[in-house]
Amino acid sequence: MAADTTTATAPDPRGSGAGAPVLVIDEVGKRYGGVQAVDGISLTLHAGERIGVIGPNGAGKTTLFKMIAGDVIPTSGSIQLFAKDVTRIGAARRARMGVGRTFQISNLFRDMTVLDNVRVAARGGSAKARVFWWPQRANDAVSNRAIDALAQVGLHGRRDDIVSDLSHGEQRQLEIAMALVGEPQILLLDEPAAGLSAVERVTLKQLIEELPAPCRSCSSSTTCRSPSASPTASCAWRTDGT
Ligand SMILES: Nc1ncnc2c1ncn2[C@@H]1O[C@H](COP(=O)(O)OP(=O)(O)O)[C@@H](O)[C@H]1O
Ligand SMILES: [Mg+2]
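The structure displayed is predicted, hence computed values, not measured ones. (Residues numbered from 1 in each chain as written. Chains lettered and ligands numbered in written order. Predicted model: local features only at pLDDT ≥ 70, side-chain atom pairs only at ≥ 80, totals over all residues.)

**Q** Just to check I follow, could you spell out the sheet that holds strand 1 (residues 23-32) for this structure?
**A** Consider a sheet: its strands pair through backbone hydrogen bonds, and that pairing is either parallel or antiparallel. Reading across from one edge, 2-1-4-5 is the order of the 4 strands in this open sheet, with antiparallel pairing throughout. Looking at which strands have only one partner, the edges of the open sheet turn out to be strand 2 (35-45) and strand 5 (84-85). Across 5 bridges, strand 1 lies against strand 4 (residues 76-81) in antiparallel orientation. Considered in strand 4, the bridge of Gly29 is made with Ser76. (Pairing = 2+ DSSP bridges. Helix = DSSP H or I, 4+ residues; strand = E, 2+ residues; numbered from the N terminus.)

Structure follows, in structure tokens:
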């Protein structure tokens, strides 16, 4: 993924671009040994904007998202969140600053209910959070937040179902609910439409378009040929020359 092939298209009409940017990526690169996974990418995200990151497999989309989330430290360049340099700050602190995300590879607890998955995410997402030894009042607050997040993604009616009974598309919706329950300011969706049917992509597109305004999204996709493949890409960064 190289900077000279990076392309931007029309900005989201809902994102005025006004005010300080919430995310500034400046000439960021990541090298793994002999592999330059990301090479000098720059982009800026303002309040309310949605950005699509487009490129084929291996182009560096996931690596870029990992650098924004703090899982991977860049080997060059810098990242600012809310006007603070976070280039060397880890994922937990960035999550507390308001970075929410879904993963390219699903990390659901498939033997638990839909609601319990979101409750786990609301408590920080670790497997330890599956132990429910919390005071009742705290449990109620967490459950209410989890139910709200499920309502936002249209899964309110499936909250007592076991995750393995959900369709692939519904599991993707659940992953978004698990990100939303942390009330993120920036939402990173890594290939949210991967493996979905055409109908499921339409549902996902609507869901992402209706996300609350404070939640700015950034979505990766392997192609820009079909709008449905890149549901949030009102502003597109191409990650290679294709
Ligand atoms: N942990 C890693 N170690 C070594 N190489 C990696 C690692 N993660 C990604 N890569 C390489 O970096 C390149 C970009 O990968 P990735 O970010 O997963 O691309 P994409 O998400 O666009 O498919 C690929 O060549 C991949 O093999
Ligand atoms: Mg990827």
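**Q** Help me out: how do you make sense of the nonpolar core in this one?
**A** Most often, soluble globular proteins have nonpolar side chains that are buried together. Residues Ile68, Val118, Ala146, Leu150, Ala177, Val181 and Leu188 are the most contacted members of the largest nonpolar core, which totals 50 residues. Every residue in contact with Ala177, bar those within four places of it in the chain, is listed here: Val118, Ala149, Leu150, Gln152, Val153 and Leu155. (Core = buried A, V, L, I, M, F, W, Y, C linked by C-beta atoms within 7 Å. Buried ≥ 20, exposed ≤ 12 C-beta atoms within 10 Å, placed from the backbone. Contact = placed C-beta atoms within 7 Å.)

**Q** Looking at this structure, I do not really get the site of ligand 1. What am I missing?
**A** Neighbouring ligand 1 are the residues Tyr32, Val35, Ala37, Gly55, Asn57, Gly58, Ala59, Gly60, Lys61, Thr62 and Thr63. If you tally residues by element for the shell around ligand 1, the top one is helix 1 (residues 61-69), at 3 residues. Residue composition of the shell around ligand 1, grouped by class: 4 nonpolar, 6 polar and 1 charged. (Near = placed C-beta within 6 Å. Nonpolar A, V, L, I, M, F, W, Y, C, P; charged D, E, K, R; others polar.)

**Q** Sorry if this is basic, but what is going on with unusual backbone geometry here?
**A** Note on backbone geometry: most residues besides glycine have negative phi, and most peptide bonds are trans. For Phe82, which is not a glycine, the phi torsion comes out positive at approximately 50 degrees. Positionally, Phe82 belongs in the loop between strand 4 and strand 5. Taking the C-beta count within 10 Å as the criterion, Phe82 has 15 such neighbours and is therefore assigned partly exposed. Backbone geometry places Glu191, a non-glycine residue, at a positive phi of 50 degrees.

**Q** Looking at this structure, I do not really get helix 1. What am I missing?
**A** It helps to recall that an α-helix has 3.6 residues per turn; residues three or four apart then point in one direction. Counting buried residues in helix 1 gives 9 out of 9 residues, a clear majority hidden from the surface. All buried positions along helix 1 are accounted for by Lys61, Thr62, Thr63, Leu64, Phe65, Lys66, Met67, Ile68 and Ala69. Gly70 lies just past helix 1 and shows a positive phi near 100 degrees.

**Q** Got a minute to help me understand helix 5 (residues 168-180) in this structure?
**A** The terminal C-alpha atoms of helix 5 lie 19 Å apart, and with 13 residues this matches the ideal 18 Å at 1.5 Å per residue to within 8%. Among all positions in helix 5, only Arg172, Gln173, Leu174, Glu175, Ile176, Ala177, Met178, Ala179 and Leu180 are buried. (Expected span 1.5 Å × (residues − 1).)

**Q** What is the right way to look at the packing of helix 5 against helix 6 (residues 198-209) in this model?
**A** Packed helices, taken two at a time, are described by their axes: the angle between them and the distance between them. Interhelical geometry of helix 5 versus helix 6 gives an angle of 15 degrees and a closest axis separation of 9 Å. Considering the angle they form, helix 5 stands roughly parallel to helix 6. For the pair helix 5 and helix 6, the crossing hand works out as right-handed. When helix 5 is examined against helix 6, the residues His168, Gly169, Arg172, Gln173 and Ile176 are found in contact with a partner set consisting of Glu200, Thr203, Leu204 and Leu207. Class assignment for the residues of the contact of helix 5 with helix 6 results in 3 nonpolar, 4 polar and 2 charged. (Axes fitted to C-alpha atoms, helices over the stretch in contact; angles between N-to-C directions. Parallel < 35°, antiparallel > 145°, perpendicular 65-115°, else oblique. Left-handed = near helix turned anticlockwise from the far one by under 90°.)

Geometric descriptors of this kind do not, in isolation, establish any biological role.
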